[in-house]
Amino acid sequence: MEFVVFAIFAALAVLAAAGVVVARNPVYCAVALLVSLLSVAALFLVLWAEFIAVVQIMVYAGGVMVLFLFVIMLVDLEQRGFDLGAGRIGPRPSAFERGLWAVAALAFGALVLSLMVRSLDLPLPGADRAATMLQGPYAADGRGLGNTEWIGMLLYTDWLVPFELASVLLLVAIIGAVVLARRDQADAPAGKGAA
Amino acid sequence: MTFDTASYVRDLYWLIPELWLTLVGFALLAASPYIRDGAGRRIAAWASAAGQAVALVLLFALYAGVSGVFGPATPEAPGAIYAMQFAHGRPLLLIDGFAIVLKAVVLVAGILATLMGIRLLETERIGRGEFHAVLVFAVVGAMFLISSTDFITIFVGLETMSLSVYLLVGWAKDSRKSNEAALKYFLLGAFAGGLLLYGMSLAYGATGTTNLFGLQQALAAGTPESGRWLLTLAILFMVVGCGFKIAAVPFHVWTPDAYEGAPTLVTSFMATAVKTAAFAMALRIFLLGFDAPAQAAQWTWLFGILAALSMTVGNVIAVLQDNVKRMLAYSSIAHVGYALMGLVAAGAALAGWIPEPQRSLAIELGQSSVVLYMVAYAFTAAGAFAVVILLRREGIEGDRIDDFSGMARRAPGTAAVMLVFLLSLAGIPATAGFIGKWWLFASVLQGGGYRWLAVLAALNTAVSLYYYLRVAVRMYMEIPADELPYAVTPSLTAAVALAAIGTLAIGLWPEPVLRLVSGTAQLLP
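Just so it is clear, the model here is predicted, and its values are computed rather than measured.

**Some words on the overall build of chain A**
Alright, step 1. A count of helical and extended segments in chain A gives eight helices and zero strands.
Alright, step 2. Listing each helix as α and each strand as β along chain A from the N terminus yields α-α-α-α-α-α-α-α.
Alright, step 3. Counting across all 195 residues of chain A, residues that qualify as buried make up 25%.
Alright, step 4. In chain A, once contacts between residues fewer than 6 apart in sequence are set aside, the share between residues at least 24 apart is 52%.
Alright, step 5. A total accessible area of about 12800 Å² is found for chain A, and carbon and sulfur atoms account for 74% of it.

Listed below in structure tokens is the structure:
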């Protein structure tokens, strides 16, 4: 049962991700990305991580994707005749080159897939631990901690240092967005005098 | 699971250099809106350099205060001065000799880049105040990455560093070259980060832990047959991810464009600090996490191939370059190939291909020779890039090899120093590059079937002499290309002098550095 649900949503996630790359209309791309993100949220549910699943839906589907769609629709790409496929730089690769790429991609995919299949019967220690952590602790711990509390506990104790560092990471991302998007006037003239 | 506040505060004590540096970054960021003129920007740059210098002092004070005082921090990490105990009783961050020396390298690289770039930022009109804050945050990320012994901390540290550097590469918004460099670096860097993360998740699936010490234990306890295939895949992905981050062939295609397009001080930072931190990550992951013989056998030959390809392709293509920054980019790819020899030597020993009398020596030598090479290369490369900055003047890009023409006549001192850097890059005795290469050769010559790498490296060194000396010939045997005075500033002179002193000191009197570096190899069992 679990495997069936996993297989369905994993396939959906991968197909939708492929759709993001293949589609030429940016709105289709965005919607395909949304499908992919929602499928991943379903995968989180299969792993008993309901909090992460909800966060995935709220942040990505609710926040990020809505912004994406807003921007795409505000810019009104249709009228400008925008076509993602038309933005190619350089000459079109020859059939031989494309064949070579396809062979390389297929060979690598086959390698990854074969190694994956060989490990299908693996008793996954990670999965066992996740199961005991996510199902067991509520009962075994006696404190009746839910998934959300559990994540909060871990985030603010064991993983506090990387969590704090992540805030520096986000700060840099904000600075980057502002610096790259801002139009400078102040910077146009060179600094007075030289060092 | 109990949270012990006292132990948490005690743990923070060992992160004082990083915490201080984060504060410096915040202060620079807070001050940046009020900085409008050139003088203010110069003050901010000097303050940033001073802040990093203080962090360097703190780092060594911490080290001097504890060496020999603290015993083994945990039974799992015997060589560590201190291991931060968090998740499941296993260290997330390790403060050991390895971390301290490499953090010092990153800080020195950061200081040199900051000092050499003060005038350049004005000439390129990109001296916005936030620049130095972002550079400092990149250093913070690199320092965390170097200490990390858990996939979670590794990834957060790596991304903090990488994101800052993507931004710095594209800082010259009006330059198409800079835009192109940033876009290529960002896309391939994000892709490499994804591959690395995929490898990490597979390793977690096979062993149930994200911790490198946990991984080590799980592998020592033995994995079922099917788990080994998953681990093989994990190793494959992580070798590719690390290969991108250290810019090894065939994962190097972004390097020349990114190095050429980035503002030169950022190029210097990438070639020294970022490369050092990425190497630290690779050493931690493979020498600590995947140290079991079966796994070492897998990644050793992969890195062996990367080493051979990197040094050969890097050197051969560098010969063809007319642009100094591109030439130094290919040369840095070649140096990655040399440095990988140390990792390969240690891996061959871990895989059991070297019999016992030499085995432990090869592991130790392999690891410490990479550290030594990072120290040597940081001073040398930063010095070379600083001299390139000297040639950037109003209206003259100054990054062609022809721009070096006649430098000996116009600035004999600078030309002499540049010659030292070039000789050190080529690995000529009496320079830091020679000492570093000597140890790498020694490590790979311990045996284990990789002696041919030393032969290849020697051949490549001969090739590299050609293009390094080509610059020297321009400097000493040709007439000046232009009459515009070089962009000499006190800060740039200081950076060049520091780099030259480091290069020559390690080359002529290597004992102190060798002692420091040989203390970094206690990490391994």
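**A look at the pattern of salt bridges**
Alright, step 1. For the coordinates displayed, the defined rule picks out 18 salt bridges over all chains.
Alright, step 2. Salt-bridge contacts for B:Glu130 lead to A:Arg182; the nearest nitrogen and oxygen are separated by 3.8 Å. Here A:Arg182 lies in the segment after helix H8 (160-181) and B:Glu130 lies in helix H6 (residues 130-147), a pairing that spans two chains.
Alright, step 3. The buried category is assigned to B:Glu130, whose relative accessible area is 13%.
Alright, step 4. In this structure, B:Arg410 engages B:Asp482 in a salt bridge whose closest nitrogen and oxygen atoms are separated by 3.3 Å. Residue B:Arg410 is found in helix H16 (residues 407-410), and its partner B:Asp482 is found in the loop between helix H19 (451-477) and helix H20 (490-508); the two are separated by 72 residues along the sequence.

**Structural notes on the side chain of B:Gln295**
All names here are of chain B.
Alright, step 1. Its place among the elements puts glutamine 295 in helix H13 (residues 293-319).
Alright, step 2. With a relative accessible area of 3%, glutamine 295 lands in the buried category.
Alright, step 3. Other than its neighbours up to four places away in sequence, glutamine 295 contacts Leu219, Arg228, Leu231, Ile235 and Phe290.

**Some words on the packing of aromatic side chains**
Residue and element names in this part refer to chain B.
Alright, step 1. As enumerated under the stated definition, the model contains 20 aromatic pairs over all chains in all.
Alright, step 2. Relative to tryptophan 14, the ring of tyrosine 13 has its centre 5.2 Å away and its plane inclined at 80°; by these criteria the two rings are edge-to-face.
Alright, step 3. For tryptophan 14, a relative accessible area of 3% puts it in the buried group.
Alright, step 4. Centroid distance tyrosine 166 to tyrosine 185: 5.1 Å. Interplanar angle 80°. Geometry classified as edge-to-face. With tyrosine 166 in helix H7 (residues 151-169) and tyrosine 185 in helix H8 (residues 176-207), this pair connects stretches of sequence that are 19 residues apart. Across the pair, exposure class does not vary: tyrosine 166 and tyrosine 185 are buried alike.
Alright, step 5. Each member of the aromatic cluster is reached from another via a ring pair, and the members are Tyr166, Tyr185, Phe186, Trp254 and Tyr259.

**Focus: a nonpolar patch on the surface**
Residues and elements named next belong to chain A.
Alright, step 1. The grouping of Val54, Val55, Met58, Val59, Tyr60, Val64 and Phe68 at the surface amounts to a nonpolar patch, some 590 Å² of accessible area in total.
Alright, step 2. With respect to the helices and strands, valine 54 occurs in helix H3 (residues 50-75).
Alright, step 3. When its relative accessible area of 43% is taken as the criterion, valine 54 is described as partly exposed.

**Here's the deal with the packing of H13(B) against H19(B)**
In a pair of packed helices, the angle between the axes and the distance between the axes together describe the arrangement.
All names here are of chain B.
Alright, step 1. Closest axis-to-axis distance for the H13/H19 pair is 9 Å, and the angle between their directions is 20°. Judged by the inter-axis angle, H13 sits roughly parallel to H19. In terms of crossing hand, the pair formed by H13 and H19 is left-handed. Along the contact surface, H13 presents Gly304, Ala307, Ala308, Met311, Thr312, Asn315, Ala318 and Val319, while H19 presents Trp452, Leu453, Leu456, Ala457, Asn460, Val463, Ser464, Tyr466, Tyr467 and Arg470.
Alright, step 2. Classifying every residue of the contact of H13 with H19 gives twelve nonpolar, five polar and one charged.

**Overview of empty space enclosed by the protein**
Residue and element names in this part refer to chain B.
Alright, step 1. Per the counting criterion, the structure on display carries eight cavities of 30 Å³ or more.
Alright, step 2. In this structure, the largest cavity occupies an estimated 100 Å³ of space.
Alright, step 3. As for the largest cavity, its lining consists of 14 residues, of which Arg41, Arg42, Leu121, Gly127 and His132 are closest to the centre.
Alright, step 4. Grouping the constituent residues of the lining of the largest cavity by class yields six nonpolar, four polar and four charged.

**Some thoughts on helix H7 (residues 147-156) of chain A**
Alright, step 1. Within the sequence span of H7(A), burial applies to A:Asn147, A:Trp150 and A:Leu154. Along the long axis of H7(A), the arc covered by the buried residues comes to 60°, so they all point the same way.

**Considerations on the nonpolar core**
Alright, step 1. Counting 215 residues, the largest nonpolar core has B:Phe286, B:Phe290, B:Trp299, B:Leu340 and B:Phe404 as its most contacted members.
Alright, step 2. The element that contributes the greatest number of residues to this core is helix H15 (residues 356-390) of chain B, accounting for 22 residues.

**Considerations on the packing of helix H17 (residues 412-426) of chain B against H20(B)**
Residues and elements named next belong to chain B.
Alright, step 1. Interaxial distance between H17 and H20 falls to 10 Å at its minimum, and their mutual angle equals 45°. Here H17 lies oblique to H20, going by the angle between them. Crossing geometry of H17 relative to H20 is assigned as left-handed. Packed against H17, whose contacting residues are Val417, Val420, Phe421 and Ser424, the element H20 presents Val496, Ala499, Ala500, Thr503 and Leu504 at the interface.
Alright, step 2. Of the residues assigned to the contact of H17 with H20, the class counts are seven nonpolar, two polar and no charged.

**A short note on the confidence of the model for chain A**
Residue and element names in this part refer to chain A.
Alright, step 1. Looking at chain A, the pLDDT average stands at 78 and 73% of residues meet or exceed 70.
Alright, step 2. Considering each helix and strand of chain A separately, the mean pLDDT is smallest for helix H6 (residues 136-140), with a value of 43, and largest for H8, with 92.
Alright, step 3. In the model, residues 136-142 has pLDDT below 50 throughout and makes ten contacts with residues more than four positions away in sequence or in other chains.
Alright, step 4. A low-confidence stretch, residues 186-195 stays under pLDDT 50, and its non-local contacts, those more than four residues away or across chains, total 20 contacts.

**Focus: unusual backbone geometry**
All names here are of chain B.
Alright, step 1. In this structure, the amide linkage connecting valine 249 to the following residue, proline 250, adopts the cis form with an omega of 5°.
Alright, step 2. Tracing the backbone shows proline 250 in the loop between helix H10 (225-246) and helix H11 (254-261).
Alright, step 3. Of note, arginine 125 is a non-glycine position whose phi angle comes to about 55°, a positive value.
Alright, step 4. Inspection of the secondary structure assignment puts arginine 125 in the loop between helix H5 (118-123) and H6.
Alright, step 5. Within the chain, alanine 430 stands out as a residue other than glycine whose phi angle is a positive 80°.
Alright, step 6. Here alanine 430 shows up in the loop between H17 and helix H18 (432-444).

About the thresholds
- Residues numbered from 1 in each chain as written.
- Chains lettered and ligands numbered in written order.
- Predicted model: local features only at pLDDT ≥ 70, side-chain atom pairs only at ≥ 80, totals over all residues.
- Heavy atoms only, no water.
- Helix = DSSP H or I, 4+ residues; strand = E, 2+ residues; numbered from the N terminus.
- Buried < 20%, exposed > 50% of the residue type's maximum accessible area, 1.4 Å probe, protein only.
- Contact = heavy atoms within 4.5 Å.
- Areas by Shrake-Rupley, 256 points an atom, 1.4 Å probe, with all protein chains shown as cover.
- Salt bridge = Lys/Arg side-chain N within 4 Å of Asp/Glu carboxyl O.
- Phe/Tyr/Trp six-rings, centres within 6.5 Å; stacked < 30°, edge-to-face > 60°.
- Patch = residues over 30% accessible without salt bridge, like charges linked within 9 Å, V, L, I, M, F, W, Y side chains within 5 Å.
- Axes fitted to C-alpha atoms, helices over the stretch in contact; angles between N-to-C directions.
- Parallel < 35°, antiparallel > 145°, perpendicular 65-115°, else oblique.
- Left-handed = near helix turned anticlockwise from the far one by under 90°.
- Nonpolar A, V, L, I, M, F, W, Y, C, P; charged D, E, K, R; others polar.
- 1 Å grid on protein atoms, 1.4 Å probe; cavity = no way out; pocket = protein on both sides within 12 Å on 5 of 7 lines; lining within 4 Å.
- Points joined across faces, edges and corners; volume = space filled by probe spheres on them.
- Arc of directions from axis to C-beta.
- Core = buried A, V, L, I, M, F, W, Y, C linked by side-chain atoms within 4.5 Å.
- pLDDT = per-residue confidence, 0-100.

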